[in-house]
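Given next are the chains, with one letter for each unit.
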Amino acid sequence: MATTQASEQRLRAVEPTAFAGVFTREITLFRRIWKSSTFGSIVEPTINLVAFGFGFGALVTSVQGIPYVQYIGTGVVASAILFSSVFAGMYDTYVKRYYMKTYDGILATPVDVPELFLAEAAWIAVKSGIYGCAPLLIAMLFGLPPSWGMLAVPFIGMLTGFGFAFMGQWFSGIVPSMDSFTYVQSALVTPLLLLSGVFFPISGFPQWVQTLAQVNPLFHCVELVRDAVFGWDPVSDLVSVLVLCVFALVMGVLAVRVLRKRLID
Amino acid sequence: MTLIPPSEPALHLRGVVKTFGDIRAVDGLDLDLTPGTCLGLLGPNGAGKSTTMRMLTGQAIADSGEIRVLGHEVPRESKQARARMGVVPQRENLDDDLTVRQNITVWATLLRVPRRSRLAAVDAALEMAQLTDRADSKVVTLSGGMRRRLLIARALVHSPELVLLDEPTVGLDPQVRGDIWTLVDRLRSAGVSTLMSTHYIEEAERLCDDVAVMSHGRVIARGTPAALVAEHAGVEALEFYGPPARLAQIEDTVQPQGFRTRRTGPAVSVLRAEALPLDVVDGLGDGTRRAANLEDVFVLLTGEKLED
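Note that this is a predicted model, so its numbers are computed, not measured.

Calculation notes
- Residues numbered from 1 in each chain as written.
- Chains lettered and ligands numbered in written order.
- Predicted model: local features only at pLDDT ≥ 70, side-chain atom pairs only at ≥ 80, totals over all residues.
- Helix = DSSP H or I, 4+ residues; strand = E, 2+ residues; numbered from the N terminus.
- Rg over C-alpha atoms; globule rule 2.2 N^0.38 Å.
- Buried ≥ 20, exposed ≤ 12 C-beta atoms within 10 Å, placed from the backbone.
- Contact = placed C-beta atoms within 7 Å.
- Core = buried A, V, L, I, M, F, W, Y, C linked by C-beta atoms within 7 Å.
- Domains from an automatic or database assignment.
- Nonpolar A, V, L, I, M, F, W, Y, C, P; charged D, E, K, R; others polar.
- Pairing = 2+ DSSP bridges.
- Axes fitted to C-alpha atoms, helices over the stretch in contact; angles between N-to-C directions.
- Expected span 1.5 Å × (residues − 1).
- Bend = angle between axes of the 7 residues up to and from the residue.

### Some thoughts on the overall build of chain A
Per the secondary structure count, chain A includes eleven helices and two strands. Of the regular secondary structure in chain A, the N- to C-terminal order runs α-α-β-β-α-α-α-α-α-α-α-α-α. A globule of 265 residues ought to have a C-alpha radius of gyration of about 18 Å, and chain A, at 19 Å, matches this closely. Out of the 265 residues belonging to chain A, those deemed buried represent 44%. Of the contacts made within chain A by residues no fewer than 6 positions apart, 82% connect residues no fewer than 24 positions apart.

### Regarding the nonpolar core
Counting 157 residues, the largest nonpolar core has V225 of chain A together with A153 and V157 of chain B as the members making the most contacts within it. When residues in this core are grouped by element, the largest group, 16 residues, is from helix α3 (residues 68-99) of chain A. Counting residues domain by domain, this core receives three or more from each of domain 1 (11-224) and domain 2 (235-291) of chain B. The residues contacting V157 of chain B, other than those within four sequence positions of it, are I104, W107, A108, L111, V113, A121, V122 and A125 of chain B.

### Some thoughts on the interface of chain A and chain B
Each partner contributes residues to the interface: chain A has 26 residues there, and chain B has 25 residues. Every element with two or more residues in the side of chain A that touches chain B is listed here: α1 (2-12), α2 (16-55) and α4 (102-106) of chain A. Among the elements that take part in the side of chain A that touches chain B, α2 of chain A stands out by supplying eight residues, more than any other. Each residue belonging to the side of chain A that touches chain B can be placed in one class, and the counts come to eleven nonpolar, nine polar and six charged.

### Focus: the sheet that holds strand β7 (residues 162-166) of chain B
All names here are of chain B. Here we have six strands laid out as an open sheet, ordered β6-β7-β8-β3-β9-β10, and mixed in their pairing. Only two strands of the sheet have a single neighbouring strand rather than two, namely β6 (85-88) and β10 (218-223). Ignoring which end each strand starts from, the neighbouring axes of this sheet average 15° apart. Sheet contacts for helix α1 (residues 49-56): β3 (38-42), β7, β8 (193-198) and β9 (210-215); angle to β7, the most-contacted strand, approximately 150°. Against the sheet, helix α11 (residues 294-302) engages β3, β9 and β10, with an angle of about 30° to β9.

### Structural notes on the pairing of β6 of chain B
All names here are of chain B. A two-sided burial pattern is seen for β6, the buried positions comprising M85 and V87 on one face and G86 and V88 on the other. Alignment of β6 against β7, held across four bridges, turns out to be parallel. For V88, the partnering residue across the bridge sits in β7 and is L165.

### Things to note about helix α8 (residues 181-194) of chain A
For α8 of chain A, built from 14 residues, the straight-helix expectation of 20 Å at 1.5 Å per residue is met to within 8% by its first-to-last C-alpha distance of 18 Å. Its maximal kink placed at L188 of chain A, α8 of chain A deviates by approximately 25°, while the proline P191 of chain A follows within four residues.

### Concerning the domain arrangement of chain B
Structurally, chain B comprises domain 1 (11-224) and domain 2 (235-291). The straight-line distance from the C-alpha centre of domain 1 of chain B to that of domain 2 of chain B is 39 Å.

Next comes the structure, spelled out in structure tokens:
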């Protein structure tokens, strides 16, 4: 059929010029709104860190041989990455598509659907990588010793952020209205967060839940961040990187597919 | 020996069909746009104008038929075509939080204006839209007319060879509409090919070299505004005001003699009035003679009731 043939044609190439155009637009917009955006992304994990650090820290001195405040400090990095990627992917994409008709404008310029959403996800990923470092810096104020591995954290944040940004974009294309994001948040984002080892180790869960956690991308993000800070575990870390790559790839394909259906008649 | 290629039309559509479920939005559309001219796409709501526009940018994919834009086959080479055309959407989608200049600059990047000439291109676009002194204002502070001018300027920043204008003056005050007309007229003087959809007849009469009347997804008449008027509505119309009974009586008098009439609210116009026999005219009572216009053609061809 003519339709599928045409779609495949477009999927083939991602031109750097088109990517750069969309990416530049995001940077221009960000210069206007960076204060509020940064505030939310930094304050929320900080509150988590301080509250859990002091609250639980009074009951639990160490987890898996790590002082609790350092355990939570490294864990909250992942929650900061999650929040700054999945919600940006969901809400921003929905608003730009449905209310602002931004994409109708951009797609009338020499930019195709995959380039558009790849560039937007890339920008969200960069922000997630940067915002993910904030809890780490705060944890250092609470005594987390600096290490070379920490330099990998922004890149772990970017890789994870890519997947969750695409996931958010995908949801933005399948929900019937923005109200439905509440379901996504309750039924998916919260379980992902609690089943990732951000706040407490998952070893207390029944075995089948622990097995389930192996397919939770956020779990692998937490593992990578902790290993980056406290010491690498080459084999399991490589697996985690692979899981996150596959996650980003699958979500990217799903996002582009559903959004193309929404934007191209 | 090399063959000189025949000059390629700016737009070339043949047998284009686009359906949405059971609805045939575009139904065997043939359309050509001569380079350097302005073609008006005239038709009631639902005639397929917007769908046609979206197919030209690859934002809607035709079920069948052939579409060439500036010589590029669409949708296969749609991106190359889009790089050479400017699109002014009906539904405004400016970035409210950015300044006027930033809006145009972002578009200059998306439309691939080379970095070294970008500043000059943005300045030229600002100048053309008479927005130079508002360059650093946030878009949210602009009036409706300025926003529309910005929307047009943004689409022209890369000096496109083809411009698509989808209802460029819909919802604007008459004074502001004049400003937009000046912009469009300047495009034509500059030799840019323009396709403009509109349902303001006056707009098409003033700005278009050529008009295609669309109905039910196809072109039902094509020609210069003057030729269309002459062919379908003649030279003059005789217009009568009065209560419905009187209007009906006029219709009953002239229609059996082969004259077409057109109702507009409390009035009825008898078309081709120049050919009415004098004794018939005398019998009709007091009426006003006026020149036939494109609106007469439009209503004659597309019917008095709007398409749903």
